[in-house]
Amino acid sequence: MSYAHGTPPEGAAADWTIPQRWERYSAAEHALWDRLFDRQAKLLPARAAPEFLAGLDVLRLGDSGIPNFDALSERLMNATGWQVVAVPGLIPDDVFFEHLANRRFVAGNFIRTPEQLDYLQEPDVFHDVFGHVPLLANPVFADYMQAYGQGGQRANGLGAIQRLARLYWYTVEFGLIQSAEGLRIYGAGIVSSHGESIFALDDPSPNRVGFDLLRLMRTRYRIDDYQQSYFVIDSFEDLLRQTLETDFAPLYEQVAQLTDIAPADVLPEDRIYTRGTQAYALAKGVA
Ligand code: PHE
Ligand code: FE
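Everything quoted here is computed from the prediction, not taken from an experiment. (Residues numbered from 1 in each chain as written. Chains lettered and ligands numbered in written order. Predicted model: local features only at pLDDT ≥ 70, side-chain atom pairs only at ≥ 80, totals over all residues. Heavy atoms only, no water.)

S.K.: Sorry, what's going on with the packing of aromatic side chains here?
M.R.: Two numbers describe a pair of aromatic rings. These are the distance of the centres and the angle of the planes. Scanning the entire structure with this criterion turns up 20 aromatic pairs. Where F141 meets F236, the ring centres are 5.5 Å apart and the plane angle is 80°; that geometry is what we call edge-to-face. Residue F141 is located in helix α6 (residues 139-158), and its partner F236 is located in helix α11 (residues 236-245); the two are separated by 95 residues in the primary sequence. With a relative accessible area of 3%, F141 lands in the buried category. Seen from their ring centres, F199 and Y226 are 4.6 Å apart, and the 35° between their planes marks the pair as tilted. You can see F199 sitting in helix α9 (residues 194-202) and its partner Y226 sitting in the loop between α10 (213-217) and β6 (229-233), a full 27 residues away along the chain. Among the residues examined, Y226 registers a relative accessible area of 23% and is labelled partly exposed. Members of the aromatic cluster, connected to one another through ring pairs, are W33, F37, F52, F126 and F130. (Phe/Tyr/Trp six-rings, centres within 6.5 Å; stacked < 30°, edge-to-face > 60°. Helix = DSSP H or I, 4+ residues; strand = E, 2+ residues; numbered from the N terminus. Buried < 20%, exposed > 50% of the residue type's maximum accessible area, 1.4 Å probe, protein only.)

Set out below in structure tokens:
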């Protein structure tokens, strides 16, 4: 999601896009992409949703070096009609929604430094492209992201962006899915993180709870460390169907009447896959 306000920085277009300037990446930057890619490529075949892994293949993201957005967009356009455009960093919510609603995914064009291998505050090209773009090659997820953009434009008018953002967080960024092969990760924040790729599936600390739209929209989230709860969808079709069929306006009003749920809380009505020990969070003094 995005947090900047005001007008685009110098050199950016009115819609905040900038040229990727692929030719400017250094050999060391391409090598850093390869290093991040290889590390995740080893980990993900047994952990990521099959649809994510298929996207990596179709888009040839395993080719060496930081992907050129023009070449990537051409493949993605053939698959689902989406494009990848570069932005300098975080952008205003309304601009972000407008891009998604028009099947344009905005990606940071810079790459982290080697010192930031495992943690960074602003999404870089590895998080944005490796994490987000593979699923955009899946027709169902591609439609979900566009619908989310349109939902964002509507939420903007209803003053409900913070509630809707929780849906993005717990699906697009940190979602789990019940696949034929068992529980898998698909959220971009997980699949692009070495540590969380393991933690989200294997660690006894976090809760893993069945997806429920109202429950999820009431749940606060952590932006500074691994999640304390993950939500599990049954399929991308089910996620798309539920979010399309539900009118969010009354849902936002309902959520406004209810208390927020803390990131670690489990409710009696939750469909629980794993009740977390929260040992990880407790050790850090946060739970
Ligand atoms: N159905 C939602 C609404 O009424 C829009 C939406 C669809 C939001 C898909 C997110 C994802 O606002
Ligand atoms: Fe992201």
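Next comes the rest of the write-up.
S.K.: Honestly, α6 in this entry has me stumped. Any pointers?
M.R.: An α-helical segment advances 3.6 residues per turn. Residues three or four places apart therefore align on the same side. With 20 residues, α6 should cover 28 Å at 1.5 Å per step; its first-to-last C-alpha distance of 29 Å lies within 8% of that length. Taken as a whole, α6 has its buried residues at V140, F141, A142, Y144, M145, A147, Y148, G149, G152 and A155. One side-chain oxygen at the N-terminal end of α6 lies 3.1 Å from the backbone nitrogen of V140; it belongs to N138. G159, located one to two residues past α6, shows a positive phi value of around 65°. (Expected span 1.5 Å × (residues − 1). Polar contact = N/O pair within 3.5 Å; in protein donor to acceptor, adjacent residues only side chain to side chain.)

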